[in-house]
Number of protein chains: 2
Amino acid sequence: MTQPDITIYDIAKKLSLSAATVSRALNNNPAINAKTRKRVNDMAMEMGYRSNNFASNLRKGNTHTIGVLVHELKSNFITSVLAGIEKVTTEAGYDIIIAHSSERKEKEIANAHNLFHKRVDGLIASLAFDTENLDHFDPFFKKGIPVIFFDRVFEHTDFAQVIINNYRAAYDITSHLAKQGCKRIMHVTASLERNVYSERFKGYQQALKDNKLNYDKDLLITNQLSEEAGIQAAMQILAMRKRPDAVFVSNDFCAAVLMRTLQDNGVHIPKDIAVAGFNNDAVGKIVSPKLTTIDYPGIEMGEITARNLVNHLQGVSNLALTNKIIIKSELIIRESTLKKKPSQK
Amino acid sequence: MTQPDITIYDIAKKLSLSAATVSRALNNNPAINAKTRKRVNDMAMEMGYRSNNFASNLRKGNTHTIGVLVHELKSNFITSVLAGIEKVTTEAGYDIIIAHSSERKEKEIANAHNLFHKRVDGLIASLAFDTENLDHFDPFFKKGIPVIFFDRVFEHTDFAQVIINNYRAAYDITSHLAKQGCKRIMHVTASLERNVYSERFKGYQQALKDNKLNYDKDLLITNQLSEEAGIQAAMQILAMRKRPDAVFVSNDFCAAVLMRTLQDNGVHIPKDIAVAGFNNDAVGKIVSPKLTTIDYPGIEMGEITARNLVNHLQGVSNLALTNKIIIKSELIIRESTLKKKPSQK
DNA sequence: GTGAAAGCGCTAACAG
DNA sequence: CTGTTAGCGCTTTCAC
């Protein structure tokens, strides 16, 4: 049943050529006569030849494969980023291997090792919630394998990174809530160890200050931004003697769950409590009221990240020079935060 | 900067051993003295050795890699399945390569070829909307590389497959709607070429018949089950002279969008129109009213599929024998279809 | 318990 | 434009 594989030698023998010529022909080497090339390709097709990547990679020493290490697959944002990465890498002729850490640093470390052993030519990464350092990327740095981070990064380091201005986005959304007359604005977010969340927290605090509101530590909840976390945060709010009049959640899905739980317990949104999310996930347009959020262009982020890595690999540019790229993001105001009637007539 | 890689020869030389011994030691071959093994492993660590998969695979002739070809990544169901697959394959020591076709048969064909060339030891696949035949899997069949399909399959073929009883699930949901007093039950689904949708359609029709309702072809919409499709279907309903009093949508997300669009246009759910989805996506619990749906265990499906493939690869069982596995699914009734008050006191 | 030697399939000098 | 040759790094007989 399982007949042995066809190799270039088999093709060469059939056509009375050398293996080298067959190899060149299959790789569309221009040095080969067009007629010969066609004969080889036809014969390869006919014999059901498939090239042996292992032999080829072993010989060439590079894999034309890019590793993508993400913190989670179950996220609209991430799948958008992946689509962007895929578009660019496919066009450039690179394969990608996707690994995800499920937000756990242990798995991130294991994945980093695995991709290193798989000999990826370059790496694109977004860190897990609890990643504390970049030691597991050292093997890449040491071997000169380019690494570029996106979204979840260590800021203020020298490594190439593509991010949005989280500080600014959070500032905008918090200011918007303040402008709506909210006085007790809660912030539900994830580990402040991670740049995206710490920056948002800073933006939130600054906006409070600029709007003459005090920061109250009871108004900060950090959790996993999961479904359960959303329910729990809502419960916590319901139990408060002095409830907030607005909640800014760092993730649309969690915001939606939180909002729903509050509603199920008789809270009116946005009248009693305004709710805002982050990411412009599709879910924000389905819930009622529709969710105010930050639009955060995943596809574009993926494309830009991959483009930079590919350019580096192709020697067109150097990652070490372009070390930080900031992508635009935008506040989208919907009903979930509109306490006042829209002022425009 | 980029110092050359360490090989087993480098380790062998340092320890005055042969490369063969080093190789065996690294692979924990019991024939090797425990002391020698430790010396080798320590030295490997110290020198920063990483094994060369290409050389190893080239030599061994198998890759210990399983290809996973899915119709779409942006789906909660699929990411659950992937989690299940990953769990089982990781435990069994297999790597996986994930490829997705974005519901397009051209890309599915290209991916199948690609995975074939990557020499996966086995393949797990779920078909795209418009896949018409299994010709692109022929190379696998011919070479005796095991292929197992899940969810989106060609039914009534001899290939190994893991599915749910779509007929039954649709029958249940449609009957439930009929029991709620609905007389004009619409069905919004995707290409009837694909088993999952054709089976659901059959179940829907049979339930209508068994409940003495006529099937009206105006009450069938087939689309892509996307966000836009949901909006468009809702618009179509709004424009109907004789509107349905229930809609059974083949996907929760699309159902939610459709429901929301109807609501935005003054339709009361479930009073005017009941809405049911399929998949038990998290979104169903966020929307208002909460969505009636079919629970469809993604993780389990992934685990069972992978387990069967791995067992086959390890010679424990034979895929050719266990050719169809049906996983349980379950109707979950929520407010979006409750026209009558729950009858239980 | 360890070593010698061959070869997996391919590509890149080099030669002509 | 095509052929010869060597070798990528590993595993696996077959010896001893």
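Residues numbered from 1 in each chain as written. Chains lettered and ligands numbered in written order. Predicted model: local features only at pLDDT ≥ 70, side-chain atom pairs only at ≥ 80, totals over all residues. Heavy atoms only, no water.

(A) View of the domain arrangement of chain A. Residue and element names in this part refer to chain A. Considered domain by domain, chain A is made up of domain 1 (8-51), domain 2 (64-164 + 298-327) and domain 3 (166-296 + 331-337). Across the contact, 17 residues belong to domain 2 and 13 residues belong to domain 3. At the boundary of domain 2 with domain 3, total buried surface from both sides reaches about 1,300 Å², with 47% on carbon and sulfur atoms. For the interface between domain 2 and domain 3, the tally reads zero salt bridges. Across the contact surface, domain 2 and domain 3 share nine residue pairs in polar contact (both at pLDDT 80 or more). Grouping the amino acids of the side of domain 2 that touches domain 3 by side-chain chemistry returns nine nonpolar, four polar and four charged. (Domains from an automatic or database assignment. Contact = heavy atoms within 4.5 Å. Buried area = accessible area lost by both parts, 1.4 Å probe. Salt bridge = Lys/Arg side-chain N within 4 Å of Asp/Glu carboxyl O. Polar contact = N/O pair within 3.5 Å; in protein donor to acceptor, adjacent residues only side chain to side chain. Nonpolar A, V, L, I, M, F, W, Y, C, P; charged D, E, K, R; others polar.)

(B) Layout of the protein's contact with DNA strand C. In the region of DNA strand C, 26 residues are neighbours, and Ser23(A), Tyr49(A), Arg59(A), Thr21(B) and Arg59(B) sit closest. Protein-proximal atoms of DNA strand C, defined as those within 4 Å of the protein, fall in sugar or phosphate at a share of 64%. Here a phosphate oxygen of DNA strand C and a side-chain polar atom of Asn27(A) are 3.5 Å apart. Tyr49(A) has a polar side-chain atom sitting 2.4 Å from a phosphate oxygen of DNA strand C. Breaking the surface near DNA strand C down by element, the ones donating at least two residues are helix H1 (8-15), helix H2 (19-26) and helix H4 (53-60) of chain A together with helix H2 (19-26) and helix H4 (53-60) of chain B. Residue contributions to the surface near DNA strand C peak at four residues, all from H4(A). Residues of the surface near DNA strand C, tallied by class, amount to 10 nonpolar, 11 polar and five charged. (Near = heavy atom within 4 Å. Helix = DSSP H or I, 4+ residues; strand = E, 2+ residues; numbered from the N terminus.)

(C) View of the relation of the copies chain B and chain A. Least-squares fitting of chain B to chain A yields an RMSD of 0.1 Å, with the transformation described by 0.1 Å of translation along the axis and a rotation of 180°. What the superposition gives is, in effect, a two-fold axis relating one chain to the other. Among all C-alpha atoms of chain B, that of Phe54(B) lies closest to the rotation axis, at 2.3 Å. The share of interface residues of chain B whose copies in chain A are also at the interface is 100%, consistent with both copies meeting through the same surface. (Least-squares fit on C-alpha atoms with pLDDT ≥ 70 in both.)

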